[in-house]
Amino acid sequence: MSKLTVIAEPGKQEIVITRMFDAPRELLFTVMTDPQHVPHWWGPRGMTTIVDKMDVRHGGVWRFVHRTPDGEESGFRGVYHRVAPNEQIVQTFEWEGMPGHISLETMTLEDDNGRTRLRAVAVYQSIADRDGMLGSGMEGGMAETYDRLEELAAELLRVAV
């Protein structure tokens, strides 16, 4: 059973995602914003993630590339609009395969007795864009990505002890 909750209300241009992590928010924030860690959790298993750019600050840009086992590549990019360490990141998200379909994502981390509640709200330019994202398999890919994030955080906690 997935720990991920995805809510997309009819008639709204947004997707609301929540997930609990068995890791402190400071560690999750570090793992999410360190280009050395990102390739170990971002994206589905079986794909390689390459961090092309990652300047985690207001106005900084990011670009990640997924590579399939047969060498096919797909890029994703955005701009950071707000970075509040250990609390929140606001950024744009665009899949280079469909340029111009940009969402604005606000990801918030909240402490919950040593665990972390992640809440992400992605706002799309239209309901059609939102529905296209939902139909792309986004939920399964995100569930797998967040599982990998939690696994990496758990490994880093074990190594630190």
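Given the structure is predicted, the values throughout are model-derived calculations rather than measurements.

## Quick notes on the overall build of the protein
For step 1, the next point in the chain: When helices and strands are tallied, the protein shows three helices and eight strands.
For step 2, the next point in the chain: The C-alpha atoms of the protein give a radius of gyration of 15 Å, which matches the 15 Å a tight globule of 161 residues would have.
For step 3, the next point in the chain: Dimensions along the principal axes, computed over C-alpha positions, put the protein at roughly 45 × 35 × 35 Å.
For step 4, the next point in the chain: Scored against the burial criterion, the 161 residues of the protein give a buried share of 37%.
For step 5, the next point in the chain: Taking contacts inside the protein between residues at least 6 apart in sequence as the whole, the part at least 24 apart equals 45%.
For step 6, the next point in the chain: Here the protein carries 17 positive and 25 negative side-chain charges, and the mean point of each set is 2 Å from the other.

## Quick look at the layout of surface pockets
For step 1, the next point in the chain: Roughly 1,200 Å³ of volume is contained in the largest pocket.
For step 2, the next point in the chain: Around the largest pocket sit 43 residues that line it, and Trp 42, Phe 76, Phe 93, Met 133 and Met 142 are the ones nearest its centre.
For step 3, the next point in the chain: Of all the secondary structure elements, the ones that give two or more residues to the lining of the largest pocket are β4 (61-67), β5 (73-84), β6 (88-95), β7 (103-112), β8 (115-123), α2 (127-135) and α3 (138-160).
For step 4, the next point in the chain: Examining the composition of the lining of the largest pocket, we find that five residues originate from one element, α3, more than from any other.

## Here we look at the packing of aromatic side chains
For step 1, the next point in the chain: Counting across every chain of the model gives seven aromatic pairs.
For step 2, the next point in the chain: On the numbers, 6.0 Å between centres and 35° between planes, the contact of Trp 62 with Phe 93 is tilted. You can see Trp 62 sitting in strand β4 and its partner Phe 93 sitting in strand β6, a full 31 residues away along the chain.
For step 3, the next point in the chain: A relative accessible area of 3% means that Trp 62 is categorised as buried.
For step 4, the next point in the chain: In this structure Phe 93 comes out as buried when scored by relative accessible area, which is 13%.
For step 5, the next point in the chain: Every member of this aromatic cluster is reached through a ring pair, and the members are Trp 42, Trp 62, Phe 64, Phe 76 and Phe 93.
For step 6, the next point in the chain: The ring of Phe 21 has Arg 19 lying over it, and the distance from NZ or CZ to the ring centre is 4.4 Å.

## Re the environment of Arg 45
For step 1, the next point in the chain: Along the chain, Arg 45 falls in the loop between α1 (25-33) and β3 (48-54).
For step 2, the next point in the chain: Sequence spacing of Arg 45 and Gly 141 is 96 residues, and the spatial spacing of their C-alpha atoms is 8.9 Å.
For step 3, the next point in the chain: Filtering out sequence-adjacent residues up to four positions away, Arg 45 remains in contact with Glu 144, Asp 147, Arg 148 and Glu 151.

## Looking at the nonpolar core
For step 1, the next point in the chain: Formed by 33 residues in total, the largest nonpolar core has its most connected members in Trp 41, Trp 42, Leu 118 and Leu 149.
For step 2, the next point in the chain: Elements with a contribution of two residues or more to this core: β2 (14-21), α1, β4, β5, β6, β7, β8 and α3.
For step 3, the next point in the chain: Filtering out sequence-adjacent residues up to four positions away, Trp 42 remains in contact with Thr 49, Trp 62, Phe 64, His 66, Phe 76, Phe 93, Thr 145 and Arg 148.

## What about the sheet that holds β6?
The strands making up a sheet are joined through hydrogen bonds of the backbone, oriented either antiparallel or parallel.
For step 1, the next point in the chain: Overall, antiparallel pairing links the eight strands, which are arranged β1-β2-β8-β7-β6-β5-β4-β3 in an open sheet. Two strands bound the open sheet, and with one partner strand each, they are β1 (5-7) and β3. Averaged over all pairs of adjacent strands, the angle between their axes in this sheet comes to 20°, without regard to strand direction.
For step 2, the next point in the chain: Its contacts with the sheet put α1 on β2, β3, β5, β6, β7 and β8, and the angle it makes with β7 is roughly 150°.
For step 3, the next point in the chain: Packing of α3 onto the sheet brings it into contact with β1, β2 and β8, and relative to β2 it is tilted by some 30°.

About the thresholds
Residues numbered from 1 in each chain as written. Predicted model: local features only at pLDDT ≥ 70, side-chain atom pairs only at ≥ 80, totals over all residues. Heavy atoms only, no water. Helix = DSSP H or I, 4+ residues; strand = E, 2+ residues; numbered from the N terminus. Rg over C-alpha atoms; globule rule 2.2 N^0.38 Å. Buried < 20%, exposed > 50% of the residue type's maximum accessible area, 1.4 Å probe, protein only. Contact = heavy atoms within 4.5 Å. Lys, Arg positive; Asp, Glu negative; His and termini not counted. Charge placed at Lys NZ, Arg CZ, Asp CG, Glu CD. 1 Å grid on protein atoms, 1.4 Å probe; cavity = no way out; pocket = protein on both sides within 12 Å on 5 of 7 lines; lining within 4 Å. Points joined across faces, edges and corners; volume = space filled by probe spheres on them. Phe/Tyr/Trp six-rings, centres within 6.5 Å; stacked < 30°, edge-to-face > 60°. Lys NZ or Arg CZ within 6 Å of the ring centre and 35° of its normal. Core = buried A, V, L, I, M, F, W, Y, C linked by side-chain atoms within 4.5 Å. Pairing = 2+ DSSP bridges. Axes fitted to C-alpha atoms, helices over the stretch in contact; angles between N-to-C directions.

Everything listed here is a matter of geometry and, on its own, says nothing about what the molecule does.
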